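Summary of structural features
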Amino acid sequence: MLKNNTKIYLSSPHMRGTEKKYVNEAFDSNWIAPLGKNVDYFESDLKTYLNRNVFVTALSSGTAAIHLGLILLGVKADDEVICQSLTFTASANPILYLQATPIFVDSELDTWNLCPIALEAAIIDRIKLGKKPKAIITVHLYGNPYKIDAVRAIADRFQIPILEDAAEALGSTFKGQKCGTFGDLSVLSFNGNKIITTSGGGALVSYSENIKAKAIFLATQSKDNAIHYEHSEIGYNYRLSNICASIGRGQMEVLDEHVSLRRGMHQFYKKLFHNVPGVSVFDVPNRDYFSNHWLTVITIDPEESSGVDCTILRLAFEAENIESRLIWKPLHLQPLYEKFPYYGTTIAEGLFGKGLCLPSGSNLTQSEKMRIQNVIQRTFKIKKALPIEVAVSRKNRLLNYNLVMKFFLENIFKTT
Ligand SMILES: *Cc1c(COP(=O)(O)O)cnc(C)c1O
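What you see is a predicted model, and the numbers here were worked out from it, not measured in a lab. (Residues numbered from 1 in each chain as written. Predicted model: local features only at pLDDT ≥ 70, side-chain atom pairs only at ≥ 80, totals over all residues. Heavy atoms only, no water.)

1. What about the domain arrangement of the protein?
Basically, it comes down to this: Each domain's extent is set by a domain assignment, obtained either automatically or from a database. As used here, buried area is the combined drop in accessible area, with a 1.4 Å probe, of two parts when they are placed together. When a carboxyl oxygen of Asp or Glu is within 4 Å of a side-chain nitrogen of Lys or Arg, the pair counts as a salt bridge. Two N or O atoms count as a polar contact when they lie within 3.5 Å, although within protein this holds only if one can serve as hydrogen donor and the other as acceptor, and sequence-adjacent residues are included solely when both atoms are side-chain atoms. Strands are runs of DSSP state E lasting at least 2 residues, helices are runs of H or I lasting at least 4, and numbering of each runs from the N terminus.
Assigned domains of the protein: these are domain 1 (18-255) and domain 2 (256-379). A C-alpha centroid distance of 25 Å is found between domain 1 and domain 2. Note on domain 1 versus domain 2: buried area summed over both sides is about 3900 Å², and carbon and sulfur give 63% of it. Contact with domain 2 buries surface across domain 1, with Phe-104, Trp-112 and Tyr-142 losing the most and accounting together for 21% of the total. Counting the contacts that link domain 1 with domain 2 gives zero salt bridges. Inspection of the region where domain 1 meets domain 2 yields 32 residue pairs in polar contact (both at pLDDT 80 or more). Elements that contribute at least two residues to the side of domain 1 that touches domain 2 include exactly helix H4 (93-97), strand E3 (101-105), helix H5 (116-128) and strand E6 (173-174).

2. Things to note about unusual backbone geometry
In plain terms, the rule: The buried label goes to any residue with under 20% of its type's maximum accessible area, the exposed label to any with over 50%, and the partly exposed label to all in between, with areas taken from a 1.4 Å probe on protein chains only.
The residue Asp-78 is not glycine, and still its phi comes out positive at about 75°. Looking at the element boundaries, Asp-78 is found in the loop between helix H3 (62-72) and strand E2 (80-84). Residue class for Asp-78 comes out exposed when judged on its relative accessible area of 52%. Within the chain, Lys-175 stands out as a residue other than glycine whose phi angle is a positive 50°.

3. A look at the packing of aromatic side chains
To keep it simple, the criterion reads: A pair of Phe, Tyr and Trp rings is counted when the ring centres sit within 6.5 Å of each other, with Trp represented by its six-membered ring. The angle between the planes then sorts it: under 30 degrees is stacked, over 60 is edge-to-face, the rest tilted.
All told, the structure shown has twelve aromatic pairs when counted by the stated rule. Centroid distance Phe-104 to Tyr-337: 5.2 Å. Interplanar angle 75°. Geometry classified as edge-to-face. Of this pair, Phe-104 sits in strand E3 while Tyr-337 sits in the loop between strand E13 (325-326) and strand E14 (342-343), and the two are 233 residues apart along the sequence. For Tyr-337, a relative accessible area of 1% translates into the label buried. Note on Tyr-142 and Trp-328: the rings are 6.2 Å apart at their centroids and 10° apart in plane angle, and the pair reads as stacked. On the criterion of sequence distance, the pair formed by Tyr-142 in the loop between strand E4 (135-139) and helix H6 (148-158) and Trp-328 in the loop between E13 and E14 is long-range, its members being 186 residues apart. An aromatic cluster is present here, built from Phe-88, Tyr-142, Trp-294 and Trp-328 joined pairwise through their rings.

4. Description of the side chain of Asp-309
Among the structural elements, Asp-309 can be located in the loop between strand E12 (296-300) and helix H10 (310-319). Polar side-chain contacts of Asp-309 include one of 3.2 Å to the backbone nitrogen of Thr-311.

5. Some points on the sheet that holds strand E1 (residues 55-59)
Defined as follows: We treat two strands as partners when DSSP finds at least two bridges between them. In this analysis, two residues are considered to be in contact whenever any of their non-hydrogen atoms come within 4.5 Å of each other. Axis angles are defined between N-to-C directions and span 0 to 180 degrees, where every axis is a line fitted to C-alpha atoms and, for a helix, only to the segment in contact.
One open sheet holds the eight strands; their spatial order is E1-E9-E8-E5-E4-E2-E3-E14, and the pairing between them is mixed. Single-partner strands in this sheet number two, and they are E1 and E14. Relative to E14, E3 runs parallel, the two sharing two bridges. Opposite Phe-104, over in E14, you have Tyr-342 as the bridge partner. Sheet strands touched by helix H2 (residues 37-50): E1, strand E8 (185-189) and strand E9 (202-206). Its angle to E1, the strand with the most contacts, is close to 135°. Contacting E1, E2, E4, strand E5 (162-165), E8 and E9, H3 crosses the sheet at an angle of about 170° to E8.

6. Quick word on the site of the ligand
The following threshold applies: If even one non-hydrogen atom of a residue comes within 4 Å of a molecule or strand, that residue is called near it. Using a 1.4 Å probe, the Shrake-Rupley method yields the accessible areas, and only the shown protein chains count as cover for residues. In this classification, Asp, Glu, Lys and Arg are treated as charged, Ala, Val, Leu, Ile, Met, Phe, Trp, Tyr, Cys and Pro as nonpolar, and every other residue, Gly included, as polar.
Taken together, the neighbourhood of the ligand is formed by 15 residues, with Gly-62, Thr-63, Asp-165, Glu-168 and Lys-194 sitting nearest. Take Ser-189: an N or O atom from its side chain is 2.7 Å from an oxygen atom of the ligand. Bound to the protein, the ligand loses 94% of the 380 Å² it would expose on its own. Along the lines of polarity and charge, the residues of the shell around the ligand split into four nonpolar, eight polar and three charged.

7. Observations concerning the pattern of salt bridges
Counted by the stated rule, this structure contains 19 salt bridges. Linking Glu-25 and Lys-37 is a salt bridge whose minimum nitrogen-to-oxygen distance equals 3.2 Å. Of this pair, Glu-25 sits in helix H1 (residues 18-28) while Lys-37 sits in helix H2; the two residues are twelve residues apart in sequence, bridging distant segments of the chain. Between Lys-147 and Asp-110 there is a salt bridge, with the nearest N and O atoms lying 2.7 Å from each other. On the criterion of sequence distance, the pair formed by Lys-147 in the loop between E4 and H6 and Asp-110 in the loop between E3 and H5 is long-range, its members being 37 residues apart. Owing to a relative accessible area of 22%, Lys-147 belongs among the partly exposed residues under this scheme. Within the structure, one salt-bridge network assembled from shared partners comprises Glu-25, Lys-37 and Arg-249.

8. So, the nonpolar core
Here is the rule we go by: Among buried residues, those of type Ala, Val, Leu, Ile, Met, Phe, Trp, Tyr and Cys that are joined through side-chain atoms within 4.5 Å constitute a nonpolar core.
By size, the foremost hydrophobic cluster in this structure holds 60 residues, and its most contacted members are Leu-46, Trp-112, Leu-119, Tyr-142, Leu-170 and Leu-188. The contacts of Leu-188, once residues within four sequence positions are left out, are Leu-46, Leu-50, Gly-62, Ala-166, Ala-167, Leu-170, Gly-180, Gly-202, Ala-203 and Val-205. Formed by 30 residues, the second largest nonpolar core is a distinct cluster that contains Cys-83, Val-187, Ala-215 and Tyr-337.

9. A few points about the environment of Val-284
Within the element layout of this structure, Val-284 appears in the loop between strand E10 (279-281) and strand E11 (289-290). A sequence separation of 173 residues divides Val-284 from Thr-111, and the C-alpha atoms of the two residues are 6.4 Å apart. Dropping the residues within four chain positions of it, Val-284 is found in contact with Asn-144, Pro-145, Tyr-289 and Ser-291.

And the structure:
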């Protein structure tokens, strides 16, 4: 029998059939441009799904939505913008597009998202240093909502608007309300690896028709109202195409099913790791939080798992052509961002060393799940037979880690 070794991805596009119907419609009507009724329909489907009185603007990517969101919140060169450190680089890149300064903030352990204590300390310190941050970029990491009430209370007290990066959290809720509706402005992504995809795309969600009009104006080259081409502002080419929106319409019909399937993957891993010492499957803290479980993430404590760590498991997956990835490396530790201020301790940093994202797609078959299960079971059984060099280098690493921890605990708030 031939061994089936096709690659298993972390999260791959999952087309269901109706997407083609809408794409064909777009072809038949020759509405191929970023204009056409499928863009309107897709926006209206999203609005219905979000179940609030919001205005949705479909854009070419989530990153474009963050960029326009910051512009609409009035962020200009030399302004400061607070951003969760433990996130994908796309959350913060648009701050740099605007020549503004990112101020990074640590996570807390319940949701891995923005730590309210560190957030408040950061705001107070920035104000003391002379500048009130212009916006706070919040993230629902891996689909798990952040501490929405606590963060909102702080933002309101200091009157700083929230730009909610809900790129990973379409379908997640907090106290029954959909993620993507908690920001003064909110951002969705339909990139190829997200819970639904338009091949590439995003959306900006706002509570005002004027903001939507301004977002469309900026996204279509800022054309002034004239019969010739007249421009008094910088414009962008950020509108979603009608073809991509057609795919989006089809995907909206299966979004809830994708959420259940991803949550099913999370259950699958919870069962698998149920009795494995040292491994925990990242989950929401209580019933107020409902995660789409876009990706299932585990943390491994090698001291308790008798030596198996993220690297060993990742390599074991790789040998079987299965993709797994370390969690986002905190942005304040990235070469691109390390010169910018950071507030917090080592929560985000500690998670980075211990967290691994597992294949979580809504389209994984029974036999693919078996391949994943086999790797996990094998890896956590052979743990005692590790080569001696691996064990020694791990011990050194742990020693270094303890030193780093000690340093941070002695300097609770590192500011630059
Ligand atoms: C995917 C992602 C983005 C960017 O979305 P794109 O549509 O790929 O530009 C932004 N923030 C987070 C947290 C993401 O995961």
